[in-house]
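# An overview of the molecular structure
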Amino acid sequence: MATMVAEAPLTRPREKKARAGRGDRIYHILIKAIVGMVLAIFAGVFTVVVIGAWPAVKRFGLGFLIHTGWDPVHLVFGALPFIVGTILVALGAMILAAGIGLMTAVCITELLPRWLQAPVTYLIELLAFIPSVVYGLFGLLVLAPFLQDTVEVWIMEHLGPHFEVFNGAPYGVGYMSAILILAIMLLPLIVTLSREALVLVPRDVREGGYALGLQKWDVVWGIIVPYARNGILGSLVLALGRALGETIAVAMTIGGGYSLPKTVMDQGYTLASVIANEFNEVSSDMYLSALIYCGLILLVITVVVNILAYFLIRRLSGAHGFKA
Amino acid sequence: MEVRDTDILKSDQSAASVDQAYKLRVKDLNFYYGAFQALHGISINAEKNRVTAFIGPSGCGKSTFLRTLNRMHEETPGARVDGEVLLDGESIFDRDISELRRSVGMVFQRSTPFPKSIFENIAYGLRIRGVDRSSISDLVEQSLKRANLWEEVKHKLNKSASSLSGGQQQRLCIARALAVNPELLLLDEPCSALDPIGTSKIEDLLLEIKETCTILIVTHNMQQAARVSDYTGFFLSGKLIEFNDTKSMFETPSSKLTEDYITGRFG
């Protein structure tokens, strides 16, 4: 074997070898250029955002992050309600979508007969192709009125008197609509990626569980899901990225508001949706700069969350060594 | 094979005494994947506390046969079986499947540790089964000792099972199967992914385990069959060509096909 490897280059014509070397070099340069370009784009975006936000950063400092109040006339700006809104909407949507999505993925791979698995997966994937503005329209025209007439009225009447967090007015549009719409948008991402992680669990591991006389439930939740853990977490990280940054569907359904939310039915803004909804109404340079400052905060949150998630997954896979 | 059947009929009159000698009796077992018939009329009796090996070329049906014995084939869509499989005289198809699989343990070709710690790999099945919390750690220790793994892992029971070597993982899987005290242990090419040291450790282990347990092992390695088994069956194209005690099988095979296979003329 070793001699064969050694002989092969000798039998090759010299000029051909030289050409192959040149091709290799060009390929390397090309790849490095592309990588460099991607990094440059990221650096460029970051720079532009920082420059745009700079007047507001200079004027409001870090206090921008912890102050409420949004008054374009008197140029008083504080982004705390939007930061809180972003976190609440993303968290709420993630909790709903992660629970339902993982259950759905498990149902597809472990319970459905094989001939049904592909069509069902495809139908769920289709949800990902619907433009977010269409989700926004659906939320605004269908979901919000429905919530307003049914669920929110019930919550207000029955839970409102007992819990402050449910004691709000049924507007329809608001946090609840935005969270539900966003959860629906996250579902296809979580379902398809977790499904792929579950499918990759080796048959032997699955059968190893059944061979012990374990029931399906115990095999699925005790063995298969833990085995696919990294892939599932990866799908959640991607979904979280989308949840933090989703703009138009949230802007259309969250209602708009500049104070901290007190109940699930309040109206408000996330960082992304406040930019989208206010950008056309900008009346001064400082107003514009404040909006870009919001964008900068969102950018930083997204990057930090992704880095944390990366280390979380690395730690989990390091501790158990099961790659999915 | 037929010779053995008539032997039984002559010497033992009642079914009960046959059941006592044989842990497992298989009669006219046919196996189908959809329209394809993978096993043709397999009949076999496996003696208690003995190692029975099945050899044959790839795709001959030996693994398929083994997988019917704990009804693992039911996890494969489209698989269908007819014929009789009696464990201690009782049809395995009449038994509750979870309960059957606890009395018929199985170890696979690729070691299949769960994504858990070494301790949990064994404890998980016990806990689900409702074994008393206090006796679990005793049972884990006992099973690891029976699988000759205790000395190597006793100081790192909480480490991930994937940190073990291939041979250790396979012995962990054997320990896991032994923890529920199976009467019958099925091994599907347990050493095919192991180096010679790992292999010989498992072979030694099988000879110890058979004191308490009846063993059926599928192997593509004829030397292994000769080393560990008391009886050997030779499969070819879904048929059981010959079944005999290992010594006669390898020294004086009665079928030309068996002779060709064990002398390496094909397979």
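Above this text you will find the structure in question.
Predicted model, so just to flag it, every value in this text is computed and none were measured. (Residues numbered from 1 in each chain as written. Chains lettered and ligands numbered in written order. Predicted model: local features only at pLDDT ≥ 70, side-chain atom pairs only at ≥ 80, totals over all residues. Heavy atoms only, no water.)

### With respect to the overall build of chain A
When its secondary structure is counted, chain A shows 13 helices and two strands. The C-alpha radius of gyration computed for chain A amounts to 26 Å, which surpasses the reference 20 Å derived for 324 residues by more than 25%, pointing to a less compact arrangement than a globule. Judged by the C-alpha coordinates and their principal axes, chain A covers about 80 × 60 × 35 Å. Element-wise, carbon and sulfur atoms account for 71% of the exposed surface of chain A, whose accessible area totals about 17500 Å². (Helix = DSSP H or I, 4+ residues; strand = E, 2+ residues; numbered from the N terminus. Rg over C-alpha atoms; globule rule 2.2 N^0.38 Å. Areas by Shrake-Rupley, 256 points an atom, 1.4 Å probe, with all protein chains shown as cover.)

### Regarding the pairing of strand β10 (residues 239–245) of chain B
Residues and elements named next belong to chain B. Where strand β9 (residues 231–236) and β10 come together, six bridges link them in antiparallel fashion. In the sheet register, Tyr231 faces β10, and the bridge partner there is Asp245. The turn joining β9 and β10, which pair antiparallel and follow one another in sequence, is formed by two residues; a positive phi near 50 degrees is taken by Ser237. (Pairing = 2+ DSSP bridges.)

### Some points on the interface of chain A and chain B
If you look at the interface, chain A gives 23 residues, while chain B gives 24 residues. Between chain A and chain B lies a buried interface of about 2100 Å² when both sides are counted; carbon and sulfur atoms form 61% of it. At the junction of chain A with chain B, the criterion picks out one salt bridge. Arg67 of chain B is the partner of Glu207 of chain A in a salt bridge, and the nearest nitrogen-oxygen pair spans 2.6 Å. Listed by contribution, the elements that provide at least two residues to the side of chain A that touches chain B are α8 (203–210), α9 (216–227) and α13 (285–320) of chain A. Among the residues making up the side of chain A that touches chain B, the classes are represented as eleven nonpolar, seven polar and five charged. (Contact = heavy atoms within 4.5 Å. Buried area = accessible area lost by both parts, 1.4 Å probe. Salt bridge = Lys/Arg side-chain N within 4 Å of Asp/Glu carboxyl O. Nonpolar A, V, L, I, M, F, W, Y, C, P; charged D, E, K, R; others polar.)

### Points about the nonpolar core
In terms of nonpolar packing, the biggest core is built from 51 residues, with Leu24, Phe65, Leu69 and Leu216 of chain B touching the most fellow members. Counting residues in each nonpolar core, the second largest holds 47 residues, with Cys173, Leu178, Ile209 and Tyr261 of chain B among its members. (Core = buried A, V, L, I, M, F, W, Y, C linked by side-chain atoms within 4.5 Å. Buried < 20%, exposed > 50% of the residue type's maximum accessible area, 1.4 Å probe, protein only.)

### What about the layout of surface pockets?
Considered as a void within the structure, the largest pocket measures approximately 570 Å³ in volume. Lining the largest pocket are 18 residues, with Thr109, Arg114 and Arg206 of chain A together with Glu75 and Pro77 of chain B positioned closest to its centre. Secondary structure elements with two or more residues in the lining of the largest pocket: α3 (80–111), α4 (114–129) and α8 of chain A. Per-element tally for the lining of the largest pocket: the top contributor is α8 of chain A, with four residues. Of the residues contributing to the lining of the largest pocket, the split by class is seven nonpolar, three polar and eight charged. (1 Å grid on protein atoms, 1.4 Å probe; cavity = no way out; pocket = protein on both sides within 12 Å on 5 of 7 lines; lining within 4 Å. Points joined across faces, edges and corners; volume = space filled by probe spheres on them.)

### Thoughts on the side chain of Lys62 of chain B
Looking at the element boundaries, Lys62 of chain B is found in helix α3 (residues 62–69). Not counting residues up to four positions away in its chain, the partners in contact with Lys62 of chain B are Phe54, Ile55, Gly56, Pro57, Glu189, Val218, Thr219, His220 and Phe235 of chain B.

### Regarding the pattern of salt bridges
For the coordinates displayed, the defined rule picks out 19 salt bridges over all chains. Two residues, Arg101 of chain B and Glu75 of chain B, come together in a salt bridge whose shortest N-O distance is 3.1 Å. Here Arg101 of chain B, found in helix α4 (residues 97–103), pairs with Glu75 of chain B, found in the loop between α3 and β4 (79–87); they are 26 residues apart in sequence, far enough to count as distant. Of the charged contacts, one joins Lys154 of chain B and Glu151 of chain B as a salt bridge, the two residues approaching to 3.0 Å between their closest N and O atoms. Judged by relative accessible area, Glu151 of chain B falls into the exposed class, the value being 55%. In the salt-bridge network here, residues are joined through shared partners; they are Arg203 and Glu207 of chain A together with Arg67 of chain B.

### Notes on the packing of α8 of chain A against α9 of chain A
All names here are of chain A. Interhelical geometry of α8 versus α9 gives an angle of 145 degrees and a closest axis separation of 9 Å. Handedness of the α8/α9 crossing: right-handed. On α9, the residues that touch Val205, Arg206, Gly209 and Tyr210 of α8 are Lys216, Val219, Ile223, Ile224 and Tyr227. Along the lines of polarity and charge, the residues of the contact of α8 with α9 split into six nonpolar, one polar and two charged. (Axes fitted to C-alpha atoms, helices over the stretch in contact; angles between N-to-C directions. Left-handed = near helix turned anticlockwise from the far one by under 90°.)

### With respect to the sheet that holds strand β2 (residues 36–47) of chain B
Residues and elements named next belong to chain B. Across the sheet, four strands lie side by side as β2-β1-β4-β5; this open sheet has antiparallel pairing. Edge positions in the sheet fall to β2 and β5 (90–91), since each of these pairs with one other strand and no more. Both strand β1 (residues 22–33) and β4 contribute to a ladder of eight bridges, which runs antiparallel. Residue pairing in the sheet places Phe31 in a bridge with Val81 of β4. Taken strand by strand, α3 contacts β1, β2 and β4, and its axis lies near 115 degrees from that of β1.

### Digging into the environment of Thr263 of chain A
Residues and elements named next belong to chain A. Looking at the element boundaries, Thr263 is found in the loop between α11 (248–253) and α12 (271–278). The sequence separation of Thr263 and Cys294 amounts to 31 residues, and the corresponding C-alpha distance is 23 Å. Setting aside residues no more than four positions away along its own chain, Thr263 makes contact with Glu164, Val165, Asn167 and Gly168. Looking at Thr263, its side chain comes within polar contact range of the side chain of Asp266, at 2.9 Å. (Polar contact = N/O pair within 3.5 Å; in protein donor to acceptor, adjacent residues only side chain to side chain.)

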